[in-house]
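Working through the structure, step by step
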Amino acid sequence: METIGEDLRQMIRTPLSRSHVEALRAAGRVVTYPKGTIMVQQGEKANRFVYVEEGEIEVVNPFTGERHYPSTIGPTQFMGEISLLYGGTASLPLRTAVDTRVIEVPRETFLTLMSQIPEMSDIIITVFAARRRRQLDDRRSGLYLIGEEADRNVRRIAEFASRNRLPYASVPLHSPEAEALAKSCAIDAGAPAVIFGSKVPITDATPDKIARLLGLNIDFSGDEHFDVLIVGGGPAGVAAAVYAGAEGLCALVVEDIALGGQAGASSRIENYMGFPTGISGADLLWRGEVQAMKFGARFAIPRRVAGLEAQENGVFCAVFENGQRVRAGAIVVASGVQYRRLPLERLADFEGSGVYYSATEMEARYCKDTEAVIIGGGNSAGQAAMFLCRYARCVRVLVRGSSLAASMSSYLTSRLEAAPGITIEYNSEVTALEGGEHLESVTIRNAETGQSRKVAARALFIMVGAAPNTEWLSGLVKLDDKGFVVTGLGLPASPFATSYPGIFAVGDVRAGSVKRVASAVGEGSVVISKVWEHVKQNTT
């Protein structure tokens, strides 16, 4: 299956050409650092690109001070990671192993060079992506999560990091490593914890706090203006960001949890053109994010739009949950849909502790060698079943109807029926959940016979029904009776124009849309031509 980058240990590296190095030299400055100089601290803003001419730079373990990887960065190589593209922070410290001479280029100047020299950009982004993949594969990072398996709050951080492709190290509670980390931070060795940087525990850790430490979240002053505000980071929103950036529009993407939307929760997408071996939704959207950032688009995560105001001058003002505001000349509504929460007692008690709405590698670890139950008959449910059957002892798919023909692709239905570890139960529903701090069993009722039975299960995946995320639109645009945005209205004429000029809708949130990743990507790509037309008309 396709992944976010090549294997750094096996890839054939293409060095920057002489002309690339000369361009860097002309834009930056040559600096010599003595042995033992800390080039960047963990959590420090990624504010410059560093090319090594002579010497050696090593990655440092923030707790031991020792070399973290056996390999180092030497002549013709360069420092940096993917966070340099969005102005994030360094995930690990770097230090000169010997006296080292480098070329340093300020971040903004470097990004300009990247846009002007695509061949250099391709080489650098390929290496950055491979470095991120290695960190994810090796689980080596300065972000340590202690007790992910035992604490719901720590699992929330793990889910946020995992879905946003942010590297972290998961440390089991009461393990020798957990005790050593706790001792170095002077915290309770038996309690779950989140640690970032050199021996600094994060109290009351939240995804927002982690995003700020990693430079993902952006504080807005209230007077920042964007050509287009894209609300939602699913396939449609990220595609819109790529094309907005490519067209020279100043674009901001706002996402409240993680890029990908419902597609991001899919462990394997096999029917998206160009990926014959399949790709996970999170990896597909991560690639799109990097591509959009390359063109200058900005992302704010996690950030939720609470309301939208239309001002007299044709400008929109988006109000975030934290009270901050941004202005934009146009709005692309790509906020998608979310799985409906079932009316089950104790559902909230088990959310994150046995009840899940996505099936990724993180959730798969929690149902290893146990029975997993999936509610739903769509493609997402089918993909989840195929993925989870590699981990769970048994996967039980519950379908309310009597067939999958109308809701699931035929190739996926055939695979489910042929898989020995998957059982499909039609005309079935879950009526009760039981357990202590974690889900332990579910009660399943057959609608035809009326019979109920209890099934031991530590993981329940709910993938039924979709409710549109449109409350934040504040009544500005016309919705259908189910809350989806009605399009094909107003001016400029476009199948994605809403009833209010300057507001466009794409993807699953749009009434009548085809619920497929390819369709969402196409809509997000096409809508930008009309967004550009609207913005230019209002600024001339």
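The structure presented is a predicted model; accordingly, all values stated were derived computationally and were not measured.

This part is about the overall build of the protein. Looking only at helices and strands, one finds 15 helices and 26 strands in the protein. Taken over the C-alpha trace, the protein has a radius of gyration of 24 Å; the compact-globule value for 540 residues is 24 Å, and the two agree within 12%. Per-residue burial for the protein yields a buried fraction of 55% across its 540 residues. Residue pairs at least 24 apart in sequence account for 68% of intrachain contacts in the protein once pairs closer than 6 positions are excluded. Surface exposure of the protein reaches about 22,900 Å², of which carbon and sulfur atoms provide 50%.

Moving on, we come to the sheet that holds strand β7 (residues 143-146). Spatially, the three strands line up as an open sheet ordered β8-β7-β9, and their pairing is mixed. Whereas interior strands pair on both sides, the edge strands pair on one side only; in this sheet they are β8 (169-171) and β9 (193-196). Strand-to-strand twist of the sheet, defined as the mean angle between neighbouring strand axes without regard to direction, takes the value 20 degrees. In the sheet, β7 pairs with β9 via four bridges, with the strands oriented antiparallel.

A few words on the sheet that holds strand β24 (residues 459-462). The strand order β17-β24-β18-β19-β20 describes an open sheet built from five strands, whose pairing is parallel. With one partner strand each, in any of the chains shown, β17 (355-356) and β20 (422-426) form the two edges of the open sheet. Direction of pairing for strand β18 (residues 371-375) relative to β24: parallel, over a ladder of four bridges. Each bridged residue has a counterpart across the sheet, and for V373 the counterpart in β24 is L460. Helix-sheet contacts for helix α13 (residues 379-388) involve β18, β19 (394-399), β20 and β24, and the interaxial angle to β18 is about 170 degrees.

Turning to helix α15 (residues 517-539), a few remarks are in order. Counted at 1.5 Å a residue, the expected span for α15 with its 23 residues is 33 Å, and the 33 Å between its end C-alpha atoms agrees. Of all the bends found along α15, the most pronounced is centred on I528 and spans about 25 degrees. For α15, the set of buried residues is V517, A520, V521, E523, G524, S525, V527, I528, V531, H534 and V535.

With that settled, the discussion passes to the packing of helix α3 (residues 107-116) against helix α4 (residues 118-138). Packing of α3 against α4 leaves a shortest axis separation of 5 Å and a crossing angle of 115 degrees. Compared by their axis directions, α3 and α4 come out roughly perpendicular. Residue-level inspection shows F110, L113, M114 and Q116 of α3 in contact with α4, the latter providing P118, M120, S121, I124 and I125. Residue classes in the contact of α3 with α4 are distributed as seven nonpolar, two polar and no charged.

Right, let's get into the environment of L92. Note that L92 resides in the loop between α2 (83-86) and β5 (94-96). Residue classification places L92 among the buried positions, given a relative accessible area of 4%. A C-alpha to C-alpha distance of 4.6 Å links L92 and Q42, two positions 50 residues apart in sequence. Beyond its immediate stretch of four places on either side in the chain, L92 contacts V40, Q42, V59, V60, P62, H68, Y69, E81, Q135, R140, S141 and G142.

This part covers the pairing of strand β21 (residues 428-435). Here β21 runs beside strand β22 (residues 439-446); their pairing, made up of seven bridges, is antiparallel. Its bridge partner lying in β22, A432 is registered against T443. Hairpin connection between β21 and β22: a loop of three residues separates the two successive antiparallel strands.

What the rule picks out here adds up to 32 salt bridges. Taking the shortest distance from any N to any O, the salt bridge between E56 and R67 comes out at 3.9 Å. One end of the pair, E56, is in the loop between β3 (48-54) and β4 (57-59); the other, R67, is in the loop between β4 and α2, and eleven residues separate them in sequence. Since its relative accessible area comes to 23%, E56 is described here as partly exposed. Between R107 and E108 there is a salt bridge; the shortest N-O distance is 2.8 Å. Salt bridges sharing common partners tie together E22, R25, E53, E54 and R101.

For the rest of this paragraph, the subject is the environment of G378. As for its position among the elements, G378 is in the loop between β18 and α13. A C-alpha to C-alpha distance of 5.0 Å links G378 and S407, two positions 29 residues apart in sequence. With residues near it in sequence (within four places) discarded, G378 still touches S407 and M408.

The full count for this structure, using the stated rule, is eleven aromatic pairs. Seen in terms of ring centroids, F78 and F128 are 6.0 Å apart; in terms of plane orientation they differ by 75 degrees. Their pairing is edge-to-face. Of this pair, F78 sits in the loop between β4 and α2 while F128 is found in helix α4, placing the two residues 50 residues apart along the sequence. Each member of the pair F78 and F128 is classed as buried. Taken together, the ring pairs connect F49, F78, F110 and F128 into an aromatic cluster. One cation-aromatic arrangement involves R303 over F320; the distance from NZ or CZ to the ring centre is 5.2 Å.

Judged by nonpolar contacts, the single largest core of 111 residues is most densely connected at L24, F299 and V531. Once residues lying within four places of it in the same chain are set aside, the contact partners of F299 are L216, I218, V238, A241, L252, V253, L259, E289, A292 and M293. With 24 residues, the next largest nonpolar core counts V231, V254, V305 and I331 among its residues.

Its location among the elements puts S141 in the loop between α4 and β7. A polar contact of 3.1 Å, which involves the side chain of S141, links it to the backbone nitrogen of L143. Among the polar contacts listed, one links the side chain of S141 to the backbone oxygen of P167, at a separation of 3.0 Å. With residues near it in sequence (within four places) discarded, S141 still touches L92, Q135, P167, Y168 and A169.

Relative to the assigned elements, T89 resides in the loop between α2 and β5. The class for T89 is buried, based on a relative accessible area of 7%. One polar contact links the side chain of T89 to the main-chain carbonyl oxygen of L213, over a distance of 2.9 Å. Those residues within four positions of T89 in sequence are excluded, and the remaining contacts are G43, E44, K45, A46, E81, S83, L213, L214 and G215.

What makes a disulfide is a covalent bond joining the sulfur atoms belonging to two cysteines. Within the structure shown, the criterion is met by zero disulfides. Not part of a disulfide, C389 finds its nearest cysteine sulfur in C394, a span of 10.0 Å.

Cut-offs used in this document
- Residues numbered from 1 in each chain as written.
- Predicted model: local features only at pLDDT ≥ 70, side-chain atom pairs only at ≥ 80, totals over all residues.
- Heavy atoms only, no water.
- Helix = DSSP H or I, 4+ residues; strand = E, 2+ residues; numbered from the N terminus.
- Rg over C-alpha atoms; globule rule 2.2 N^0.38 Å.
- Buried < 20%, exposed > 50% of the residue type's maximum accessible area, 1.4 Å probe, protein only.
- Contact = heavy atoms within 4.5 Å.
- Areas by Shrake-Rupley, 256 points an atom, 1.4 Å probe, with all protein chains shown as cover.
- Pairing = 2+ DSSP bridges.
- Axes fitted to C-alpha atoms, helices over the stretch in contact; angles between N-to-C directions.
- Expected span 1.5 Å × (residues − 1).
- Bend = angle between axes of the 7 residues up to and from the residue.
- Parallel < 35°, antiparallel > 145°, perpendicular 65-115°, else oblique.
- Nonpolar A, V, L, I, M, F, W, Y, C, P; charged D, E, K, R; others polar.
- Salt bridge = Lys/Arg side-chain N within 4 Å of Asp/Glu carboxyl O.
- Phe/Tyr/Trp six-rings, centres within 6.5 Å; stacked < 30°, edge-to-face > 60°.
- Lys NZ or Arg CZ within 6 Å of the ring centre and 35° of its normal.
- Core = buried A, V, L, I, M, F, W, Y, C linked by side-chain atoms within 4.5 Å.
- Polar contact = N/O pair within 3.5 Å; in protein donor to acceptor, adjacent residues only side chain to side chain.
- Disulfide = S-S within 2.5 Å.

Without other data, these values stay purely geometric and don't point to any function.
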